[in-house]
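# Coordinates in review
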Amino acid sequence: QVQLVESGGGLVQAGGSLRLSCAASGRTFSSYGLGWFRQAPGKEREFVVAISWSGGTTYYADSVKGRFTISRDNAKNMVYLQMNSLKPEDTAVYYCAADRYARNSYYSRNYDYWGHGTQVTVSS
C-alpha cells in the first residue's frame, strides 16, 4: 500500500515556475513507477510525465516537454515536478500516481495509487 500527498500548487503568472512535491508512504516506494497527471475543468485527466523506479528513464507529454522536469528521491520517498515557463493552459489539478509494476505508462488505468491532487493556476 502506498499513500501519496501532493503539495506545492498555487497561483502563478504565465512564464513563471512552480515546483510540485509528492510525499509517499510505504516501504516499497522505490520499486514503483511514478507519474504526474493533470485534469483541467471540463476535461479528462491527462498524462504529464512518468519516471521509472530508478529515476533513469522519463517520459513526457509533448505539451510539457522542455518545460517540466520530473525527479525522484527514493531515500526520502519523494517525487518532484519542476514546472517552468508555465502557460495558462497548464492550469489544472495535478495528481501524483504510483504504479506497482513500474510500467512507465501514460495510461492512468495502469496506476494503482493516487494522491488527492494540488491545484495549479496560471494567469495570463
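Note: the structure precedes this text.
Reading guide: rules and limits
Residues numbered from 1 in each chain as written. Predicted model: local features only at pLDDT ≥ 70, side-chain atom pairs only at ≥ 80, totals over all residues. Heavy atoms only, no water. Pairing = 2+ DSSP bridges. Helix = DSSP H or I, 4+ residues; strand = E, 2+ residues; numbered from the N terminus. Axes fitted to C-alpha atoms, helices over the stretch in contact; angles between N-to-C directions. Phe/Tyr/Trp six-rings, centres within 6.5 Å; stacked < 30°, edge-to-face > 60°. Buried < 20%, exposed > 50% of the residue type's maximum accessible area, 1.4 Å probe, protein only. Lys NZ or Arg CZ within 6 Å of the ring centre and 35° of its normal. Contact = heavy atoms within 4.5 Å. Polar contact = N/O pair within 3.5 Å; in protein donor to acceptor, adjacent residues only side chain to side chain.

In space, the four strands of this open sheet follow the order β1-β3-β8-β7, with antiparallel pairing throughout. Looking at the sheet topology across the chains shown, the edges are occupied by β1 (3-7) and β7 (68-73). The mean angle between the axes of side-by-side strands here comes to 15 degrees, regardless of whether they run parallel or antiparallel. Direction of pairing for strand β3 (residues 18-25) relative to strand β8 (residues 78-83): antiparallel, over a ladder of six bridges. By the bridge assignment for β8, Leu18 is matched with Met83.

Below, the discussion takes up the packing of aromatic side chains. Taken as a whole, this structure holds eight aromatic pairs when the rule is applied. Geometrically, the ring pair formed by Tyr106 and Tyr107 is tilted, given 4.8 Å between the ring centres and 40 degrees between the ring planes. Judged by its relative accessible area of 38%, Tyr107 falls in the partly exposed class. Among the aromatic residues, ring-to-ring pairing joins Phe37, Phe47, Tyr95, Tyr106, Tyr107, Tyr111 and Trp114 into one connected group. Here Arg45 stacks its cationic end above the ring of Tyr95, 3.9 Å away from the centre of that ring.

What follows covers the environment of Gly56. Within the secondary structure, Gly56 sits in the loop between β5 (46-51) and β6 (58-60). Overall, Gly56 belongs to the exposed group, its relative accessible area being 65%. In this structure, the C-alpha to C-alpha distance between Gly56 and Ser71, residues 15 residues apart in sequence, is 9.3 Å.

Before going further, it helps to spend a moment on the environment of Arg38. Residue position: Arg38 is located in strand β4 (residues 33-39). According to the relative accessible area criterion, Arg38 is buried, its value standing at 5%. For the pair Arg38 and Gln13, spaced 25 residues apart in the sequence, the C-alpha separation amounts to 18 Å. Those residues in contact with Arg38, other than ones at most four positions away along the chain, are Glu44, Arg45, Glu46, Val48, Ser63, Val64, Phe68, Glu89, Asp90, Ala92, Val93 and Tyr94. Side-chain polar atoms of Arg38 contact the side chain of Tyr94, separated by 2.9 Å.

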